[in-house]
Amino acid sequence: MFSRGALQAALHPLAAVPRGQGWNLAELSGLLPPDAALVEAAVLVPLVERDVLSVLLTRRTDALRHHAGQVSFPGGRVDGSDDGPVAAALREAREEIGLAPAQVELLGFLDPLATITGYRVLPVVAHVASDFVAVPEPGEVAEVFEVPLDWLLEPANLQHIEFQFQGGKRRVLEFSRHADAAGQRIWGATASILYNLRERLCAGGPGSGQ
């Protein structure tokens, strides 16, 4: 199990918000306008210690206009009223799953991620109190579940799926639908964020993101 110190050493410190459009931007070549200004967004990557250290994830409701039914982290667009990405991630986590800021210990940032929908997502990694009980917002979140971090860090559990899209070969990441993943389909941006977490933890610190 990773200690808090080991986790923090692998992340960008809270005092140094990472720059850049996204570590995966090259993979979106031809899918975004060349001069597109990506919209700022933030997600919380919550780690909670039960019997093992696990990552808390949500499944969005099927009624949403965007990303219906998909597995994601609590988060969303950085609003003008937010005091930066950390505040946005905490606000969204409170709104979506009832996570109070007092139950959160912030650890640091992962690398920014660009999405095909035109967002620059900044993941904020945090420890969550072990007695936290999620209260999903029914209009947005259908389910909250946890996946052991060790399982997510195992390379054999992550697939690199290639497909043809808009005249080119594209790649999407997807975790196996194993019992350890609660049988959920964890793919796309969420899988890419978890991949970035794995790469930084296993390589040992900032600068190791892909």
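Everything in this summary refers to the structure shown in the same document. Model, not experiment: these values are computed from the prediction.

### Concerning the overall build of the protein chain
Here comes step 1: For the protein chain, the helix and strand inventory stands at four helices and ten strands.
Here comes step 2: By its C-alpha atoms, the protein chain is 50 × 40 × 40 Å across when sized along the principal axes.
Here comes step 3: Each of the 210 residues in the protein chain was classed as buried or not, and the buried ones make up 49%.
Here comes step 4: Contacts in the protein chain between residues at least 24 apart in sequence constitute 66% of all its contacts with a sequence separation of at least 6.

### Quick look at the side chain of arginine 198
Here comes step 1: With respect to the helices and strands, arginine 198 occurs in helix H4 (residues 188-203).
Here comes step 2: The residues contacting arginine 198, other than those within four sequence positions of it, are Leu152, Leu153, Glu154, Pro155 and Leu158.

### Digging into the nonpolar core
Here comes step 1: Val55, Leu57, Phe73, Phe175, Ile186 and Ile193 are the most contacted members of the largest nonpolar core, which totals 35 residues.
Here comes step 2: Elements with a minimum of two residues in this core: helix H1 (4-10), strand E1 (39-49), strand E2 (53-60), strand E7 (119-128), strand E8 (141-148), helix H3 (149-153), strand E10 (168-175) and H4.
Here comes step 3: Examining the composition of this core, we find that six residues originate from one element, H4, more than from any other.
Here comes step 4: Setting aside anything within four residues of it in sequence, one finds phenylalanine 175 in contact with Trp151, Leu152, Asn157, Leu158, Ile186, Ala191 and Leu194.
Here comes step 5: Counting residues in each nonpolar core, the second largest holds 18 residues, with Leu122, Val124, Ala126 and Val128 among its members.

### Re the environment of glycine 183
Here comes step 1: Relative to the elements of secondary structure, glycine 183 occurs in the loop between E10 and H4.
Here comes step 2: Ignoring any residue separated from it by four or fewer positions in sequence, one finds glycine 183 in contact with Arg177 and His178.

### Remarks on the pattern of salt bridges
Where side chains of opposite charge bring their charged atoms close, a pairing between them can arise.
Here comes step 1: Evaluation of the coordinates by the stated rule reveals 13 salt bridges.
Here comes step 2: Aspartate 79 is paired through a salt bridge with arginine 91; the nearest N and O atoms lie 3.3 Å apart. Of the two residues, aspartate 79 is situated in the loop between strand E4 (75-77) and helix H2 (85-97) and arginine 91 in helix H2; the sequence distance between them amounts to twelve residues.
Here comes step 3: Note on aspartate 79: relative accessible area 33%, which makes it partly exposed.

### Thoughts on the environment of isoleucine 97
Here comes step 1: If you trace the backbone, isoleucine 97 turns up in helix H2.
Here comes step 2: A C-alpha to C-alpha distance of 7.8 Å links isoleucine 97 and valine 144, two positions 47 residues apart in sequence.
Here comes step 3: Residue contacts for isoleucine 97: discarding those within four places in its chain leaves Leu56, Thr58, Pro74, Phe132, Ala134, Val135, Pro136 and Val144.

### Topic: H2
Here comes step 1: Spanning 13 residues, H2 covers 18 Å between terminal C-alpha atoms, matching the ideal 18 Å at 1.5 Å per step.
Here comes step 2: Burial in H2 covers these residues: Pro85, Val86, Ala88, Ala89, Leu90, Arg91, Glu92, Ala93, Glu96 and Ile97.
Here comes step 3: The inward-facing, buried residues of H2 abut E1, E2, E4, strand E5 (104-109), E7 and E8.
Here comes step 4: A positive backbone phi angle near 70° is found at glycine 98, which sits one or two residues after H2.

Criteria and cut-off values
Residues numbered from 1 in each chain as written. Predicted model: local features only at pLDDT ≥ 70, side-chain atom pairs only at ≥ 80, totals over all residues. Heavy atoms only, no water. Helix = DSSP H or I, 4+ residues; strand = E, 2+ residues; numbered from the N terminus. Buried < 20%, exposed > 50% of the residue type's maximum accessible area, 1.4 Å probe, protein only. Contact = heavy atoms within 4.5 Å. Core = buried A, V, L, I, M, F, W, Y, C linked by side-chain atoms within 4.5 Å. Salt bridge = Lys/Arg side-chain N within 4 Å of Asp/Glu carboxyl O. Expected span 1.5 Å × (residues − 1).

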